[in-house]
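# Breakdown of the fold
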Amino acid sequence: MPTTRVLAALAFTAAVPAILLGWLWLVGRLEAVLPHRLHRRLLPWLWLAPALAPVGVFLAWPLANTVWLSLRDAGSGAWAGIDNYRYLATSAEVHTALRNNLLWLALLTGGCLAVGLLVAVLTDRVRYEAVAKAAVVLPTAIPFVAGAVIWRFMYQYRPPGLPQTGTLNAVLTAAGAAPVAWLVDTRTNNAALIAVGVWMTAGFATVILSAALKAVPAELHEAARIDGAGPWQAFRHVTLPQLRPAVVVTATLVAVSAFKAFDIVYVMTNGNYRTDVIANLMYRQLFVDQDYGRASAIAVLLTLLAVPVLLVNARATRRVGR
């Protein structure tokens, strides 16, 4: 069996380049014999076909299949129509997950941009720049599951009067304050989870914004100083407009991460105490309840929520490229 798999892998590895080269040769031959009027209409699609084929196989087809499954019942054996979407519209747990995802969208995106921009500006061209940025970027190298486990210990709570093993509550009790049930109290748990996301994602924003900041021409700042602009005025009217495309791209990428929030919630609360998010709800419907129809409907909803953000990202990326 292992030998068969190795031979199949080697055959596939050799066949893909061969098929690609054969297709390119065929298109080259067609270009020579096709009427000239068909060149602009047909040939571009023929040249793009090798790239469009994987997109269709790995993106378009799974998306279409997910939409189809969302119209079926729990076992995908019978037609359910819009029943699964009616569940999305009427279910309290879906509404809670949507509200939490919007909270993640606002706080994770805003927090990462604020931390990334602050670190990029304050550490720009100073002696300790590399050390300061490394401290912020380092958590991005930690898997989200590992980061969630670390912060679960940080947030650990024990009743008042008992020794606090969680770092934050140990600090609070040492200062004379009462311990806080960070992950259980509905007033703090979503913010506590999002804070972990900011801690693990802010480094990504820092890298992009720092690179964009260094690309701002020094002549613009010199001209602003000659005109009498102070540091804040120079930042507001010179630096920030130059950073706007990079800020938009970073914000949209972090926003997509906010929609996909799953690991931190799953490890730290598993969606309990009103901390559910859309991805966690989809996981539970698919793997716990084994309701393929509802899980697919939630996946479609998640895709629709992410599409506007991706469109904004595409427009911003084109502007940066110009």
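These numbers come from a predicted model, not from an experiment. (Residues numbered from 1 in each chain as written. Predicted model: local features only at pLDDT ≥ 70, side-chain atom pairs only at ≥ 80, totals over all residues. Heavy atoms only, no water.)

The next point concerns the overall build of the protein. From N to C terminus, the protein includes 13 helices and zero strands. In the protein, the order of α-helices and β-strands from amino to carboxyl end is α-α-α-α-α-α-α-α-α-α-α-α-α. Its C-alpha atoms give the protein a radius of gyration of 26 Å, clearly above 20 Å, the size a compact globule of 322 residues would have. Judged by the C-alpha coordinates and their principal axes, the protein covers about 85 × 65 × 45 Å. By the burial criterion, 34% of the 322 residues in the protein qualify as buried. At a minimum sequence separation of 6, the contacts of the protein that also span at least 24 residues come to 65%. (Helix = DSSP H or I, 4+ residues; strand = E, 2+ residues; numbered from the N terminus. Rg over C-alpha atoms; globule rule 2.2 N^0.38 Å. Buried < 20%, exposed > 50% of the residue type's maximum accessible area, 1.4 Å probe, protein only. Contact = heavy atoms within 4.5 Å.)

This part covers the pattern of salt bridges. Oppositely charged side chains may form a pair once their charged atoms are brought near each other. In total, this model carries eight salt bridges according to the counting rule given. Among the salt bridges present, the one from aspartate 185 reaches arginine 187, with a minimum N-O distance of 2.8 Å. Accessibility expressed as a relative area gives 19% for aspartate 185, which makes it buried. What makes arginine 187 exposed here is its relative accessible area of 73%. Several salt bridges share partner residues, and in doing so they unite Asp124, Glu129, Lys133 and Lys214 into one network. (Salt bridge = Lys/Arg side-chain N within 4 Å of Asp/Glu carboxyl O.)

So, on to the layout of surface pockets. Quantified by volume, the largest pocket comes out at close to 410 Å³. Lining the largest pocket are 15 residues, and of these Asp124, His221, Arg225, Ala234 and Thr239 sit closest to its centre. Those elements that place two or more of their residues in the lining of the largest pocket are helix H9 (218-226) and helix H10 (231-259). Partitioned by chemical class, the residues of the lining of the largest pocket number eight nonpolar, three polar and four charged. (1 Å grid on protein atoms, 1.4 Å probe; cavity = no way out; pocket = protein on both sides within 12 Å on 5 of 7 lines; lining within 4 Å. Points joined across faces, edges and corners; volume = space filled by probe spheres on them. Nonpolar A, V, L, I, M, F, W, Y, C, P; charged D, E, K, R; others polar.)

Taken together, Leu20, Leu21, Leu24 and Trp47 make up a surface patch of nonpolar side chains, about 360 Å² in accessible area. Take the nonpolar patch: its biggest share by element is three residues, from helix H1 (residues 2-33). As for its placement among the helices and strands, leucine 21 is situated in helix H1. Among the residues examined, leucine 21 registers a relative accessible area of 58% and is labelled exposed. (Patch = residues over 30% accessible without salt bridge, like charges linked within 9 Å, V, L, I, M, F, W, Y side chains within 5 Å. Areas by Shrake-Rupley, 256 points an atom, 1.4 Å probe, with all protein chains shown as cover.)

Next up on the list: the packing of aromatic side chains. This structure, assessed with the given rule, holds nine aromatic pairs. What links up through ring pairs into an aromatic cluster is the set Trp151, Tyr155, Trp182 and Trp199. (Phe/Tyr/Trp six-rings, centres within 6.5 Å; stacked < 30°, edge-to-face > 60°.)

Right, let's get into the side chain of threonine 239. Along the polypeptide, threonine 239 turns up in helix H10. Once residues lying within four places of it in the same chain are set aside, the contact partners of threonine 239 are Leu213, His221 and Ala234.

It is worth spelling out the environment of arginine 152 at this point. For arginine 152, the position within the fold is in helix H6 (residues 144-154). Look at arginine 152 and you get partly exposed, because its relative accessible area is 45%. Sequence separation between arginine 152 and leucine 183 is 31 residues; the distance between their C-alpha atoms is 8.4 Å. In contact with arginine 152, not counting residues within four places along its chain, are Leu183, Val267 and Met268.

Within the secondary structure layout, alanine 224 lies in helix H9. Considered as a pair, alanine 224 and leucine 88 are 136 residues apart in the sequence and their alpha carbons are 53 Å apart. Apart from the residues lying within four places of it in its own chain, the contact partners of alanine 224 are Ala229, Ala234 and Val238.

Here the focus is the nonpolar core. Counting 25 residues, the largest nonpolar core has Trp104, Leu108, Tyr155, Leu193, Val196 and Met268 as the members making the most contacts within it. For this core, the elements supplying multiple residues, two or more each, are helix H4 (92-122), H6, helix H8 (189-214), H10 and helix H11 (263-268). With eight residues, the single largest contributor to this core is H8. Every residue in contact with leucine 193, bar those within four places of it in the chain, is listed here: Trp104, Leu183, Ile264, Val265, Met268, Thr269 and Thr275. If you look at the next biggest cluster of nonpolar residues, it comprises 15 residues, including Ala97, Phe259, Ile298 and Leu302. (Core = buried A, V, L, I, M, F, W, Y, C linked by side-chain atoms within 4.5 Å.)

Function cannot be read off these values alone, since they describe shape.
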